[in-house]
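Single-letter residue listing:
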Amino acid sequence: MDWLDRHLAIFPEPELLLVVGAGQGRDLPVLTAHCQRRIVLLEPQSRWADELRQKTREQSAVEIMQCALDEASGQGTLKVFNFDELTSLRPAPDLQALFPGARETTKMPVETLSLADLVVRCDIEADRNNWLIVDAPETQNVVLDGLKDPDLARRFHHVVLRVHRSISGQVDLGSIKKEMFERGYSALGSADENHG
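Predicted model, so just to flag it, every value in this text is computed and none were measured.

**Student:** Please explain the overall build of the protein as it appears in this structure.
**Tutor:** Broken down by element type, the protein carries eight helices and eight strands. The buried share of the protein, taken over its 196 residues, is 48%. Put simply, 65% of the contacts in the protein that link residues at least 6 apart link residues at least 24 apart. Carbon together with sulfur atoms contributes 49% to the accessible area of the protein, which is approximately 9,900 Å² in total.

This is the structure in structure tokens:
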């Protein structure tokens, strides 16, 4: 049982699970085991979004949105790397130091949505047991900035920010946790020092 599985298991079933950066659906079995109501998976990479559609075609509770979370809604440019997991709107500035073999292979246009527009498009009601899971490190500041709006903050009962080991040196987890505490969220645990 992984950390997300244990975390979901200690709370009532979410009414909505919104996952930003769903990737190839690594967490899909855990998500569907804990939420039968509604799961929305955001994934900007067309190949991965297609794979997610195939994996979930018989799961009526799951919907796939091929777009990226960003400061503003519109169009962005997804930078695709030879390591798929590094594909991003905003790759880490010292990506070459972290992954010496990483190189950009192509760029592709992608629809972007602000957190406010995403909430509207998904019709996310306030003061419900809705979860926001962010597994796209470059969008964490977008989420934190968006949640400064009290109305948007009321749309999510739980916020899970996943920080990957490969970029943990660039993320100040202490500051993120402090900021979330100040907004009324409480950190109930993390997988380790590199996840929060």
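On we go from here.
**Student:** Help me understand empty space enclosed by the protein in this model?
**Tutor:** A water-sized probe rolled over the atoms picks out the places where empty space is left. This model, assessed by the stated rule, comprises one cavity of 30 Å³ or more. Reported here for the largest cavity is a volume of approximately 60 Å³. Around the largest cavity, the lining residues are V19, G21, A22, G25, R26, D27, L28, L31, L41 and D135. Residues that form the lining of the largest cavity fall into these classes: five nonpolar, two polar and three charged.

**Student:** Is there a simple way to explain the pattern of salt bridges in this structure?
**Tutor:** In a structure, side chains of opposite charge can pair up when their charged atoms sit close to one another. Taken as a whole and assessed by the stated rule, the structure comprises 14 salt bridges. In this structure, R53 and D50 form a salt bridge, with 2.8 Å as the shortest nitrogen-oxygen distance. Here D50 and R53 lie together in helix α3 (residues 46-55), a separation of three residues that amounts to about one turn. Residue classification places R53 among the partly exposed positions, given a relative accessible area of 32%. The network of salt bridges with shared partners includes D127, D151, R154 and R155.

**Student:** How should I be thinking about unusual backbone geometry in this particular structure?
**Tutor:** Most peptide bonds take the trans configuration, and most residues that are not glycine carry a negative phi. Positive phi is not limited to glycine here, since D123 has a value of about 55 degrees. Here D123 is to be found in the loop between α5 (115-121) and β7 (130-134). Exposure remark for D123: the relative accessible area of 58% places this residue in the exposed category. Of note in this structure, D127 is not a glycine but carries a positive phi near 55 degrees. Within the secondary structure, D127 is located in the loop between α5 and β7. Looking at D127, the relative accessible area reads 54%, which means it is exposed.

Analysis parameters
- Residues numbered from 1 in each chain as written.
- Predicted model: local features only at pLDDT ≥ 70, side-chain atom pairs only at ≥ 80, totals over all residues.
- Heavy atoms only, no water.
- Helix = DSSP H or I, 4+ residues; strand = E, 2+ residues; numbered from the N terminus.
- Buried < 20%, exposed > 50% of the residue type's maximum accessible area, 1.4 Å probe, protein only.
- Contact = heavy atoms within 4.5 Å.
- Areas by Shrake-Rupley, 256 points an atom, 1.4 Å probe, with all protein chains shown as cover.
- 1 Å grid on protein atoms, 1.4 Å probe; cavity = no way out; pocket = protein on both sides within 12 Å on 5 of 7 lines; lining within 4 Å.
- Points joined across faces, edges and corners; volume = space filled by probe spheres on them.
- Nonpolar A, V, L, I, M, F, W, Y, C, P; charged D, E, K, R; others polar.
- Salt bridge = Lys/Arg side-chain N within 4 Å of Asp/Glu carboxyl O.

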